[in-house]
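# Chain and residue survey
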Amino acid sequence: MSMTPSRRSKCNSVCSSIADSASTESGFISTAALAKSLNVEVIGRPLLVEGMIARPVLSGDEHAGARMWRVYFDSERYGTSGEDVLSETQSAPLSERLRFTLAHEFAHTLSFRADSFGLNESVARKIRGAGKEPTQDLESEANFMAPILLVPDTFVGKILRNSGNSTLQTIIDLRSRFIVSREVLISRLHALKSYDREGLLNTHILRDRIVGVGVWKNGDSAQLMGWPMLVNFGNNLVPEFVYRALSGESVNLS
């Protein structure tokens, strides 16, 4: 059970504000800056999972909402320490995967501190996973919020409006600037469907476009993947092959 558009819009708005506050003048968001904005301590140690969160206070503590949370990541898997996270810069970034893992865990902490970040309790319950499939809901909404925390739409807007006519090169430039994977960047662009304060879906780069990922099957043909995908056409006019891809059918890009 995913969030309604209005609740997802609120989450998007809150995460966008957090991303803006953590970004540098160039638009890059270090995981250390995000951690500081969210009052989270990042710790690297050997784990059996990629990442996890913890609240180092008693549940009855009246000041629990303001206390620092902890996010742990697997230092062996990533070959990275907590000190490396603190020293991350745009010229010396962490791996794309670790940046997403940390942002994903940061997103989990938001649902437990609704009042601190402007999320009302009904939204918080949703992103904590209050549906029939709570774990699936919880992970889905953290995956929705993490790309927004890593890619500030204010700076995306500057790039899109000042770019040429090459959609592909612009997308590549966005990935390079924000140090995120293709999947994370496309998920961030797709999130504009719920909250587009900069009007980015109407820029010439994204208007009447499909932005997705293809997989080469051999040297001559590629298959369009149904996820991740931004589909942005006016008047609900969408090419038929997009529906087939979204439904899981194999769609040859030729």
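These notes cover the structure that comes with them. (Residues numbered from 1 in each chain as written. Predicted model: local features only at pLDDT ≥ 70, side-chain atom pairs only at ≥ 80, totals over all residues. Heavy atoms only, no water.)

### Quick word on unusual backbone geometry
Look at the link from Trp227 to Pro228: it is a cis peptide, with omega at -10 degrees. As for its position among the elements, Pro228 is in strand 5 (residues 222-232). We note that Ile179 has phi near 55 degrees; this positive angle belongs to a residue other than glycine. Looking at the element boundaries, Ile179 is found in the loop between helix 9 (167-178) and helix 10 (182-190). Judged by its relative accessible area of 14%, Ile179 falls in the buried class. Here Asp208, not a glycine, exhibits a phi torsion of approximately 55 degrees, which is positive. Checked against the element boundaries, Asp208 lands in the loop between helix 10 and strand 4 (209-216). (Helix = DSSP H or I, 4+ residues; strand = E, 2+ residues; numbered from the N terminus. Buried < 20%, exposed > 50% of the residue type's maximum accessible area, 1.4 Å probe, protein only.)

### A few points about the sheet that holds strand 1 (residues 40-45)
Backbone hydrogen bonds are what pair the strands of a sheet, in a parallel or an antiparallel way. Pairing in this open sheet of three strands is mixed, and the strands run 1-3-2 from one edge to the other. Each having just a single partner strand, strand 1 and strand 2 (51-54) make up the two edges of the open sheet. Across this sheet, the average inter-strand angle for adjacent strands is 25 degrees, counted without regard to direction. When strand 2 meets strand 3 (residues 69-74), the two strands line up antiparallel, connected through four bridges. Bridged to Ile53 within strand 3 is Val71. (Pairing = 2+ DSSP bridges. Axes fitted to C-alpha atoms, helices over the stretch in contact; angles between N-to-C directions.)

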